[in-house]
Structures are given as C-alpha cells and as structure tokens.
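Notes for the structure review
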Amino acid sequence: MNLYLLRHGIAMAGDQEEVDADSERPLSSKGTKRMRKIAKGLKRLEIPFDAVLTSPLIRARQTAEIVAQTIGLEAYLQEISGLAPESSVDNLMFGLTRFQDRKHLLLVGHEPLLSGILSFVLAGKHGVGLSVDLKKGGLCRIEVDSIPPSQPGTLHWILAPKQLRLLGQKDGKV
C-alpha cells in the first residue's frame, strides 16, 4: 500500500478578524491559487488514488477538495477525524484500518501529525530519532506492508510545493 501525505495549503493568519478559531482558518487567496497549481502537478503524476482522506479542518478540507476536483476524484473524498491536528498517530492508524484493501491513499492534513506519521511508518516507535518537516502543499509517498505497518515502510519521494507547481505548468514556469 502507498500512503501519500499532503500538507494543507497556506491558510489565513489566525489573527484575521473573520477567523474566530484555528479550526476555522480557510486557505488564503495565495494558498488557494498555489494549491490549484499543486493539484495540476499532482494530476500529472497520474497516481491512481483509491481514496482522498482529509482532516475535518476547513483548510485541509479545501485543499482536499481542490485536489479531488482537479484529478476527478470528488466521489472518493472522505473526512476522517484521525487526520485532525489534535489526533495521534495511533488514532489515525486505527482509523485507516478500514482502508486496508486500498493501494493508493492520499492523506491531507497538518503538521506535526503528518511528520509524526512519516516518522512512525519509517522508524517505528513513534519516530524516535527521525525528524521530517513537510512544507505547506508538500507531498510524500511512503510504501507500507499494512496498516498499521508490521515493518518499517519505504520512503520513495518527497516533493516540495514548488516542484509540484512546476510539474503543473505547461511551460515549466511557476
């Protein structure tokens, strides 16, 4: 099984007067624009996603919706509480067990949970000694034998947001 971890796009600052709580922070206009370009880059990768799973927070949900719409997977979009920022790696792994039969899962969420998942899957024991910081709009691919993994997974690649935006441009300019 392949897990693809995508960090949500750039969100509005928490001190904006239209934002009452962190959970209500939507993507900024810059974040939306960049995420559309990132989604085009993701489409060019031609990954046959079986599901697009998102955190319930609005900025992650908007990110997942942009991606799902761009790659034609709106029907495969699902919100799962295990991807919420206050969740834990153990909680997420438990929630993912129902997707055990899938081959390509896109998980849209937040830091530090995403880097925690990456560390846990690669190093086990909640990633002791492994630190990874996924940029907003960044994506990585990890191969695992099962959910939860019975052995360390394999990191195949990490793409920075700029790399994905470049992939999405016909002329190669961001």
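Whatever comes next refers back to the structure up there.
Just so you know, these numbers come straight off a predicted model, no measurement behind them. Sequence positions are assigned chain by chain, starting from 1 and proceeding in written order. Per-residue local features of the predicted model are confined to residues with pLDDT of at least 70, and side-chain atom pairs are confined, for both listing and counting, to 80 or more; whole-chain, interface and lining totals are unaffected and use all residues. Side-chain numbers here rest on the full set of heavy atoms in the structure, without hydrogens or water.

This part covers the overall build of the protein. Counting secondary structure elements, the protein contains 5 helices and 6 strands. Counting from the N terminus, the helices are DSSP H or I runs at least four residues long and the strands are E runs at least two residues long. Ordered by position from the N terminus, the helices and strands of the protein form the series β-α-β-α-β-α-β-α-β-β-α. Computation of the radius of gyration draws on C-alpha atoms, with the globule rule given as 2.2 Å multiplied by the number of residues to the power 0.38. Against the compact-globule benchmark of 16 Å for 174 residues, the protein has a radius of gyration of 15 Å, which places it among compact chains. Seen through its C-alpha atoms, the protein measures out along the principal axes to roughly 40 × 40 × 35 Å.

So, about the environment of V89. Assignment of secondary structure puts V89 in helix α3 (residues 89-96). A C-alpha to C-alpha distance of 6.6 Å links V89 and G116, two positions 27 residues apart in sequence.

What follows deals with the nonpolar core. Core analysis: the biggest nonpolar cluster contains 26 residues, and L5, L53, M93, L96, L105, L107 and I117 have the highest contact counts within it. Elements that contribute at least two residues to this core include exactly β1 (2-7), β2 (51-54), α3, β4 (104-109), α4 (113-123) and β5 (139-143). When residues in this core are grouped by element, the largest group, 6 residues, is from α4. The residues touching L107, leaving out its near neighbours within four places in the chain, are L3, Y4, L5, L6, L53, L83, L92 and L96. Only buried residues count toward a nonpolar core. Its members are Ala, Val, Leu, Ile, Met, Phe, Trp, Tyr and Cys residues joined through side-chain atoms within 4.5 Å. Summary of the burial criterion: residues with accessible area below 20% of their type's maximum are buried, those above 50% are exposed, and those between are partly exposed, where the area comes from a 1.4 Å probe applied to protein chains only. F49, I66, V67 and L139 belong to the second largest nonpolar core, which has 22 residues in total. Any two residues having at least one pair of non-hydrogen atoms within 4.5 Å are treated as being in contact.

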